[in-house]
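# Structural overview
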Amino acid sequence: MLNHKLMKSYKILIGILLALVTLPFCGKNEGIIEKPPHIDPSAKKKIILMIGDGMGLSQITAASVHLGRPLNLEQCKYIGLQKVFASDQLVPSSASSITAIASGVKTKYDYVGLDADGKKAVNIAEMLSNKGFATGIVTTSFVSDNTPAGFYGHNPDRYDREGIALDLLTSGLDVVIGGGRDHFNQRSDGLNLLDSLQSADFLVFDNLQAATVVEKGKVACFTDTFRPPKISEGRGDMLSDATLLALRLLDDNENGFFLMVEGGQIDWACHFNDQEWLMDEMLDFDKVVGEVLDYAAKDGNTLVIITGDHETGGFALTGGNESSGEVQTGFVIDDHTATMVPVFAFGPGAGNYTGVYKNTAFFEKFREFFGI
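Conventions we followed
- Residues numbered from 1 in each chain as written.
- Predicted model: local features only at pLDDT ≥ 70, side-chain atom pairs only at ≥ 80, totals over all residues.
- Heavy atoms only, no water.
- Helix = DSSP H or I, 4+ residues; strand = E, 2+ residues; numbered from the N terminus.
- Rg over C-alpha atoms; globule rule 2.2 N^0.38 Å.
- Buried < 20%, exposed > 50% of the residue type's maximum accessible area, 1.4 Å probe, protein only.
- Contact = heavy atoms within 4.5 Å.
- Areas by Shrake-Rupley, 256 points an atom, 1.4 Å probe, with all protein chains shown as cover.
- Lys, Arg positive; Asp, Glu negative; His and termini not counted.
- Charge placed at Lys NZ, Arg CZ, Asp CG, Glu CD.
- Phe/Tyr/Trp six-rings, centres within 6.5 Å; stacked < 30°, edge-to-face > 60°.
- Salt bridge = Lys/Arg side-chain N within 4 Å of Asp/Glu carboxyl O.
- Core = buried A, V, L, I, M, F, W, Y, C linked by side-chain atoms within 4.5 Å.
- pLDDT = per-residue confidence, 0-100.
- Patch = residues over 30% accessible without salt bridge, like charges linked within 9 Å, V, L, I, M, F, W, Y side chains within 5 Å.
- Pairing = 2+ DSSP bridges.
- Axes fitted to C-alpha atoms, helices over the stretch in contact; angles between N-to-C directions.

### Quick notes on the overall build of the protein chain
- Counting its secondary structure elements, the protein chain contains 14 helices and 14 strands.
- Radius of gyration (C-alpha) of the protein chain: 22 Å, near the 21 Å computed for a compact globule of 372 residues.
- Judged by the C-alpha coordinates and their principal axes, the protein chain covers about 90 × 45 × 45 Å.
- Buried positions account for 52% of the 372 residues belonging to the protein chain.
- Residue pairs in contact within the protein chain that sit at least 24 positions apart in sequence constitute 72% of those at least 6 positions apart.
- Working note: accessible area of the protein chain is about 16,200 Å², and carbon and sulfur atoms make up 53% of it.
- Once the 31 positive and 48 negative side-chain charges of the protein chain are each reduced to a mean point, those two points are 10 Å apart.

Written out as structure tokens, the structure is:
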């Protein structure tokens, strides 16, 4: 009996020793130990925030298996997790999530650009614009949807598209590209905000091809009357072309810029529990991620952050085969969930995005990077 107890204790001791010996080596792969690029305080500073709306870890995993190789975002060596809760409930909306990211305040489910008390929350784009930086938004959704609106809108009703559109006139943004033209010129109040944007020195376009010839200046391009089509319906390289145009225009600013790029229809696909649509949108978004990372690598002073505002659908991988690229999945809901969302970072300051933190932390990280 004694020998049995000794043997059992010996096995436990060996297990503990093995754990202690191997502990210093945990996580010592090339990606994690790589030293983050230094932030040069005198350099022109640029942030590209890429948001896959509704994109969680399962959406990323499924897309990688479906593609048959690592996604472009997997080039990022600095990875964290953000907590996405709204102020009044655990499950967030895109409005509450983006307000937290863009303005650093927790807010109610239906509020965009306001704090939980209904007071205006200044967002990072507004703050940077006032400091002489260039700012822009690009989306595969409509311009007055919640995620892009988080960088210019202030409204207690996230579905008040016409009210949110009005805020664009005083936003300070330099580049705006997405759908939703009807919210600006087919309004219940009879206003034509496209004319107002022109009066505010914007070059206004109703198609992206025409806008690509612009060399400099402020651009507002409304690619569709409402929602842009799915990839499967012929949207093509809209997100890529719009992002590259925005980068070219914003980079003309001598101080630097902040650009938000949204893959908005990842969220729509998950709301509809449509796996095929989801995979199309994920791969389109990741294609643009690759182009943005190439730009940042060549530039050297650009910080790229890739994340979701929340997860949608309770999406899960339930089966499949990595070798064949088969993915079997399931959804538990047709709405958002409260699960933490991964954050990928690349470039100077990328090391600041590791760990686990509230989504409100982005705002202070942005401010620190730009020195404001």
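### Thoughts on the packing of aromatic side chains
- What the rule picks out here adds up to eleven aromatic pairs.
- For the ring pair Phe315 and Phe331, a centre distance of 4.9 Å and an interplane angle of 45 degrees mean the geometry is tilted. One end of the pair, Phe315, is in the loop between β9 (311-312) and β10 (316-321); the other, Phe331, is in the loop between β11 (326-330) and β12 (336-337), and 16 residues separate them in sequence.
- Taking the relative accessible area as the measure of exposure, Phe315 reaches 5% and is therefore buried.
- Of the residues examined, Phe331 reaches a relative accessible area of 21% and is grouped as partly exposed.
- Where Tyr357 meets Phe362, the ring centres are 5.8 Å apart and the plane angle is 80 degrees; that geometry is what we call edge-to-face.

### Observations concerning the pattern of salt bridges
- This structure, assessed with the given rule, holds 13 salt bridges.
- Across the pair Asp251 and Lys44 runs a salt bridge whose closest N-O atoms are separated by 3.1 Å. Taken together, the positions of Asp251 in the loop between α11 (238-250) and β7 (256-263) and Lys44 in the loop between α2 (30-33) and β1 (45-52) put the pair 207 residues apart, joining distant regions of the chain.
- One continuous salt-bridge network, built from bridges that share partners, spans Lys44, Lys46, Asp251 and Asp299.

### Quick look at the nonpolar core
- One finds Ile48, Met50, Ile177, Leu259 and Ile306 to be the most contacted residues of the largest nonpolar core, which totals 52 residues.
- Here this core gets eleven residues from one element, more than from any other, and that element is helix α13 (residues 275-299).
- Residues in contact with Ile48, not counting those within four places in the same chain, are Leu247, Phe257, Leu259, Val261, Val292, Tyr295, Thr302, Leu303, Val304 and Ile305.

### Side note on the confidence of the model for the protein chain
- Per-residue pLDDT for the protein chain averages 91, and the proportion of residues at 70 or more is 90%.
- Note on residues 5-34: pLDDT is under 50 here. Beyond four places in sequence and across chains, it has seven contacts.

### Brief notes about a nonpolar patch on the surface
- A grouping of Leu81, Met340 and Val356 is seen on the molecular surface, where their side chains present a nonpolar patch of about 230 Å² in accessible area.
- Position of Met340 among the secondary structure elements: in the loop between β12 and β13 (341-346).

### A word on the pairing of β13
- Counting buried residues along β13, five of its six residues qualify, which places the element largely inside the surrounding structure.
- The sheet contact formed by strand β2 (residues 78-83) and β13 spans five bridges and is antiparallel. Bridge pairing in β13 places Ile79 opposite Phe344.
- Sheet topology places strand β8 (residues 302-307) next to β13; four bridges connect them, and they run antiparallel. Bridge pairing links Ile305 to Ala345 in β13.

### A few points about unusual backbone geometry
- Of note, the phi angle at Asp201 is positive, near 75 degrees, even though the residue is not glycine.
- In this fold, Asp201 is placed in the loop between α9 (193-199) and β5 (202-205).
- For Asn273, which is not glycine, the phi torsion reads 50 degrees and is therefore positive.
- Counting through the fold element by element, Asn273 comes out in the loop between α12 (265-271) and α13.
- Asn273 gets classed as partly exposed once you look at its relative accessible area, which sits at 34%.

### Some points on the pairing of strand β6 (residues 218-222)
- Buried residues dominate β6, accounting for four of its five residues.
- Of the pairings in the sheet, the one linking strand β4 (residues 175-179) to β6 comprises four bridges and is parallel in character. Note on β6: the bridge partner recorded for Val176 is Ala220.
- Summarising the sheet, β5 and β6 pair through four bridges and their orientation is parallel. Considered in β6, the bridge of Leu203 is made with Val219.

### Considering the sheet that holds strand β3 (residues 134-142)
- Ordered in space as β5-β6-β4-β3-β7-β1-β8-β13-β2-β14, the ten strands form an open sheet in which the pairing is mixed. Here the strands that pair on one side only, and so sit at the sheet edges, are β5 and β14 (355-358). Adjacent strand axes in the sheet meet at a mean angle of 15 degrees, parallel and antiparallel pairs treated alike.
- By the bridge criterion, four bridges tie β2 to β14 in an arrangement that is parallel. Looking across to β14, one finds that Leu81 is bridged to Val356.

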